[in-house]
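In case you want the letters, here they are:
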Amino acid sequence: MKQFLKRYGLFFLGIIFDFFASGLLPSSFGYDGFIVVPYFGFAALILVTRKLDLVRKLVISFLYGVFIEMQLFDTSFVPIISIMLIAFLAHLVQDIFSNTFLEKGILLFFAISLLEITIYVISTVINKISIGFVSYLTYQFILTMIFNIVVIFIMLLIESLFIDRQIQKQRIKKKREHISLLE
């Protein structure tokens, strides 16, 4: 259980942040106002599943998509398809991006923006929404991406704190083993 929480703790923290942020951010169902969608959970999903194989990544993405689908009371499968598609694309380009803070931030920015555009395109194709692309950019995409720059920074900072703490514990353990070998 401890290993499970270590691996997926950031993901669960992202989902919790999504719950709180969703209640505080403006959202309108008729595109008569601005909409800002937080992607803490999705950013954590991309970070947590970065080193996993494709099958595990798609299964976790599917489960997260089902969770989002139930949260939105949606039956169109647009979130599931979009999240799994972006997870697959992130798997294809994972070797391009290294493990630096900046490169992971760029990966998350492109993943979130591609998710937003994918959701819009699929929803438009299946006639779930009927809003023009310029209106979509104006009322949702731009503000969502500006907000999610902060989300990306927060999630990367939390991830780096988790990783730094694990690396520090490993170093202390190695030093203790080394000292005990010397005695």
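Everything here concerns the structure above.
Residues numbered from 1 in each chain as written. Predicted model: local features only at pLDDT ≥ 70, side-chain atom pairs only at ≥ 80, totals over all residues. Heavy atoms only, no water.

Enquirer: Describe the environment of Val150, with residues and values.
Expert: Inspection of the secondary structure assignment puts Val150 in helix H6 (residues 133–182). It is 9.8 Å that separates the C-alpha atoms of Val150 and Pro38, two residues lying 112 residues apart in sequence. (Helix = DSSP H or I, 4+ residues; strand = E, 2+ residues; numbered from the N terminus.)

Enquirer: Break down the environment of Lys128 for me, with residues and values.
Expert: With respect to the helices and strands, the residue Lys128 is situated in the loop between helix H5 (101–125) and H6. The exposure class assigned to Lys128 is partly exposed, which follows from its relative accessible area of 42%. As for Lys128 and Ser76, which are separated by 52 residues in sequence, their C-alpha atoms are 8.1 Å apart. (Buried < 20%, exposed > 50% of the residue type's maximum accessible area, 1.4 Å probe, protein only.)

Enquirer: Give me a nonpolar patch on the surface: which residues, what numbers.
Expert: Side chains of Leu85, Phe88, Leu89, Leu92 and Leu114 sit close together on the surface and give an oily, nonpolar patch of about 390 Å² of accessible area. Locating Leu114 in the fold gives a position in helix H5. (Patch = residues over 30% accessible without salt bridge, like charges linked within 9 Å, V, L, I, M, F, W, Y side chains within 5 Å. Areas by Shrake-Rupley, 256 points an atom, 1.4 Å probe, with all protein chains shown as cover. Salt bridge = Lys/Arg side-chain N within 4 Å of Asp/Glu carboxyl O.)

Enquirer: Would you mind going over unusual backbone geometry in detail, with residue names and values included?
Expert: Not every positive phi belongs to a glycine, and Phe77 is a case in point at roughly 65 degrees. Of note, the phi angle at Asn127 is positive, near 60 degrees, even though the residue is not glycine. For Asn127, a relative accessible area of 68% translates into the label exposed.

These values are about where atoms sit, not about what they do.
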